[in-house]
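One letter stands for each residue in the lines below.
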Amino acid sequence: MRVVIVDAGGANTGSVRYAFERLDIDAALVTDAASIRAADRVILPGVGTAAQVMARLAQLDLVEVLRTLERPLLGICVGMQLLFDASEEGEVAGLGVLPGRVSRLAGGPGLRVPHMGWSTLRALRADPLIEGIDGEQAYFVHSYAAPVTDDCVMAGDHGQAFAAVVRRGHIAGTQFHPERSAGIGARVLRNFLSPAFEA
């Protein structure tokens, strides 16, 4: 299986690649359209701001490539947020492959923003991407989040419910970092690689 990681300039690309190595998958770090279109699975990681990552994708001329991609695509953290129409962070347009707008977490008494650390995942509906996962904890680092919409298969909570895992057809995303979420993160990545994901 050909798995590629889009080099969107985030500091987590190395750890994402290593997460696939632990699954015996040699995921290539790529910046060109041909490699992305030829892959069986595409990973869009993101660390930093939505504007920074979108600017990097525009610089690489990959925005339209990702918008029209017909291969399974998994966005991670900011990479997931960019699947949506827009982000309040920098008032930037996203890839627009999922409807909705990413907003800043409100926080609250005793709730710091950014939301950082282990937090519980709650399944909203069955999906091959989250097979075997519910009520588990994953590792989050984020100040912005996508809303809970019909595309949300798992929710998290940090003073408000937010989308922790999304899926629409071949497009998916995790707000948490699977590469830093131990066995749960590995399970999500294995599920994404599974033929059942495309069934």
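Once a new chain begins, its residue numbering starts again from 1 and follows that chain's sequence as written. At least 70 in pLDDT is required for a residue's local features to be given in this predicted model, at least 80 for side-chain atom pairs to be given and counted, and no such filter applies to totals for whole chains, interfaces and linings, which use all residues. Excluded from the side-chain calculation are hydrogens and water; included are all heavy atoms of the structure.

Draft legend 1. The sheet that holds strand S12 (residues 152-157), seen in detail. In short, DSSP must find at least two bridges between two strands for them to pair. Helix numbers and strand numbers start at the N terminus; a helix is a DSSP run of H or I with at least 4 residues, a strand a run of E with at least 2. Strand order in this open sheet of eight strands is S2-S1-S3-S4-S14-S13-S12-S9, and the pairing throughout is mixed. At either end of the open sheet lies a strand with only one pairing partner, and these are strand S2 (28-30) and strand S9 (122-123). Direction of pairing for S9 relative to S12: antiparallel, over a ladder of two bridges. Along S12, the bridge assignment pairs Ala123 with Met154. Here helix H6 (residues 182-193) sits on the sheet in contact with strand S1 (3-6), strand S3 (41-44), strand S4 (73-76) and strand S14 (171-174), set at roughly 140° to S3. Between two residues, a contact is recorded if the distance between any of their heavy atoms is within 4.5 Å. Angular values range over 0 to 180 degrees, each being the angle between N-to-C directions of two axes fitted as lines to C-alpha atoms, with helices fitted over their stretch in contact.

Draft legend 2. A look at the packing of aromatic side chains. Pairing of aromatic rings covers Phe, Tyr and Trp, the last counted by its six-membered ring, and requires centre-to-centre distances within 6.5 Å; plane angles under 30 degrees mean stacked, over 60 mean edge-to-face, and any other angle means tilted. In the structure shown here, the tally under the stated rule is four aromatic pairs. The interplanar angle of 70° and the centroid separation of 5.8 Å between the aromatic rings of Phe140 and Phe176 together place this pair among those described as edge-to-face. Remark: Phe176 occurs in the loop between S14 and H6 and Phe140 occurs in strand S10 (residues 137-142); sequence separation between them is 36 residues. Relative accessible area decides the class of each residue, using a 1.4 Å probe on protein chains only: under 20% of the type maximum gives buried, over 50% gives exposed, and in between gives partly exposed. Taking relative accessible area as the criterion, Phe140 reaches 0% and is therefore assigned buried. Given the relative accessible area of 0%, Phe176 is considered buried. Through a chain of ring-to-ring contacts, the aromatic side chains of Phe140, Phe162 and Phe176 assemble into a single cluster. Whether a charge sits over a ring comes down to the Lys NZ or Arg CZ being within 6 Å of the ring centre and within 35 degrees of the ring normal. It is Arg41 that lies over the ring of Phe192; its NZ or CZ is 5.6 Å from the centre. The cationic tip of Arg167 hangs over the ring face of Phe197; the distance from NZ or CZ to the ring centre is 3.8 Å.

Draft legend 3. Geometry of the pairing of S12. Among the six residues in S12, five count as buried, and that is most of the element. In this sheet, strand S13 (residues 161-168) lies alongside S12 in antiparallel orientation, the contact comprising five bridges. In the strand pairing of S13, Met154 is matched with Val165. Taken together, S12 and the strand that follows it, S13, pair antiparallel across an intervening segment of three residues, in which Gly159 is found at a positive phi of about 80°.

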